[in-house]
Amino acid sequence: DAKTTQPPSMDCAEGRAANLPCNHSTISGNEYVYWYRQIHSQGPQYIIHGLKNNETNEMASLIITEDRKSSTLILPHATLRDTAVYYCIVRVAVGLSGGSNYKLTFGKGTLLTVNP
Amino acid sequence: GAVVSQHPSWVICKSGTSVKIECRSLDFQATTMFWYRQFPKQSLMLMATSNEGSKATYEQGVEKDKFLINHASLTLSTLTVTSAHPEDSSFYICSARGNTGELFFGEGSRLTVL
């Protein structure tokens, strides 16, 4: 799986949008961008994933650059409960060659602190 | 979404004893389960991959005789830390993969070895 680079920490004011960047310059054509988060002392939680189009769900939006070398996770209205470590991971999609046999490798992630 | 449950959520044991942690997929069959370990302020580190009915595949540097993994059914995998020592104190997390291929994580189990 391609390596990713994220800032170690970020701060955000409650109610504001939190924009978390991720660089994945070595991503290959069949690799998706996945985002997970881990609230302190809990297991990781899936947030969103995408290939090349921007994606949105009830939790967040994912913006992927046209060259796919970087992406941004957007939490539109951050709350105190969004304070967590956010992990950006790239991996082969399920169903593609090797995709069903992938294993997730976590980097160091970004510690997002939402302040009141 | 799919639920993966771990038990116990926390355990304290004496040095030299063995501890078993269970990981269950509650509403789906998991052909593959993964075990991670996480030390304070560090990221998750993959320890091993277990497939139902076969031996686990361990990552480099993980002692298979110390961390025994059993995946006897499609809904249960166990991790046994044998002869635990204080340096084994950590947060152990499992994840399970169902037929859709997506991964779901357990809540984690915190082990403290005195």
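## Quick look at the interface of chain B and chain A
Move 1: Tallying the contact residues gives 20 residues for chain B and 18 residues for chain A.
Move 2: For the pair chain B and chain A, the summed buried surface comes to about 1,400 Å²; carbon and sulfur atoms form 49% of the total.
Move 3: In this assembly, chain B and chain A are joined by zero salt bridges.
Move 4: Sorting the residues of the side of chain B that touches chain A by element identifies strand 4 (32-38), strand 5 (45-51), strand 9 (90-97) and strand 10 (103-105) of chain B as the ones contributing at least two each.
Move 5: Partitioning the side of chain B that touches chain A into residue classes produces eight nonpolar, seven polar and five charged.

## Description of the environment of B:T112
Residue and element names in this part refer to chain B.
Move 1: Locating T112 in the fold gives a position in strand 11 (residues 109-113).
Move 2: According to the relative accessible area criterion, T112 is partly exposed, its value standing at 30%.
Move 3: Discounting residues that sit within four places of it in the chain, T112 has contacts with V11, I12, C13 and S89.

## Focus on the pairing of strand 8 (residues 76-81) of chain B
All names here are of chain B.
Move 1: Within strand 8, five of the six residues are buried, which leaves the element mostly enclosed by the surrounding structure.
Move 2: In the sheet, strand 7 (residues 67-73) pairs with strand 8 via five bridges, with the strands oriented antiparallel. Residue N70 lies in a different strand from strand 8, and its bridge partner there is T78.
Move 3: In this antiparallel pair of consecutive strands, strand 7 and strand 8, the connection spans two residues.

## What about the confidence of the model for chain B?
Move 1: Averaged over all residues, the pLDDT of chain B is 92; the fraction at 70 or higher stands at 98%.
Move 2: Within chain B, strand 10 of chain B has the poorest average pLDDT of any element, 88, and strand 11 of chain B the best, 97.

## Quick look at the sheet that holds strand 6 (residues 61-64) of chain A
Residues and elements named next belong to chain A.
Move 1: Strand order in the open sheet formed by four strands is 2-7-6-5, with antiparallel pairing between adjacent strands. The open sheet has two free edges, formed respectively by strand 2 (18-23) and strand 5 (55-56), since each of these has just one partner strand.
Move 2: Of the strand pairs in this sheet, strand 2 and strand 7 (residues 70-75) are connected by six bridges, and their pairing is antiparallel. From the neighbouring strand, C22 faces strand 7, where its bridge partner is S71.

## Focus: unusual backbone geometry
Move 1: At the junction of B:H7 and B:P8, the peptide bond is cis and its omega measures out at 0° in the coordinates.
Move 2: Counting through the fold element by element, B:P8 comes out in the loop between strand 1 (4-7) and strand 2 (10-13).
Move 3: With a phi close to 65°, A:S41 is a non-glycine residue in the positive phi region.
Move 4: Mapped onto the elements, A:S41 comes out in the loop between strand 3 (31-38) and strand 4 (45-50).
Move 5: Residue A:S41 is classed as partly exposed on the basis of its relative accessible area of 36%.
Move 6: Of note in this structure, A:R68 is not a glycine but carries a positive phi near 65°.
Move 7: Tracing the sequence through the fold places A:R68 in the loop between strand 6 and strand 7.

## As for the state of the cysteines
Residues and elements named next belong to chain A.
Move 1: Following the criterion strictly, the structure yields two disulfides over all chains and no others.
Move 2: Bridging C22 to C88, the disulfide has an S-S length of 2.1 Å. On the sign convention where negative is left-handed, the bridge of C22 and C88, at about -80° about the S-S bond, is left-handed. Placement of the pair is C22 in strand 2 and C88 in strand 8 (residues 84-92), with a sequence separation of 66 residues. As far as the burial class goes, C22 and C88 line up, both buried.
Move 3: With no disulfide of its own, C12 lies 18 Å from the sulfur of C22, the closest cysteine sulfur.
Move 4: You can call C12 buried: its relative accessible area is 8%.

Calculation notes
- Residues numbered from 1 in each chain as written.
- Chains lettered and ligands numbered in written order.
- Predicted model: local features only at pLDDT ≥ 70, side-chain atom pairs only at ≥ 80, totals over all residues.
- Heavy atoms only, no water.
- Contact = heavy atoms within 4.5 Å.
- Buried area = accessible area lost by both parts, 1.4 Å probe.
- Salt bridge = Lys/Arg side-chain N within 4 Å of Asp/Glu carboxyl O.
- Helix = DSSP H or I, 4+ residues; strand = E, 2+ residues; numbered from the N terminus.
- Nonpolar A, V, L, I, M, F, W, Y, C, P; charged D, E, K, R; others polar.
- Buried < 20%, exposed > 50% of the residue type's maximum accessible area, 1.4 Å probe, protein only.
- Pairing = 2+ DSSP bridges.
- pLDDT = per-residue confidence, 0-100.
- Disulfide = S-S within 2.5 Å.

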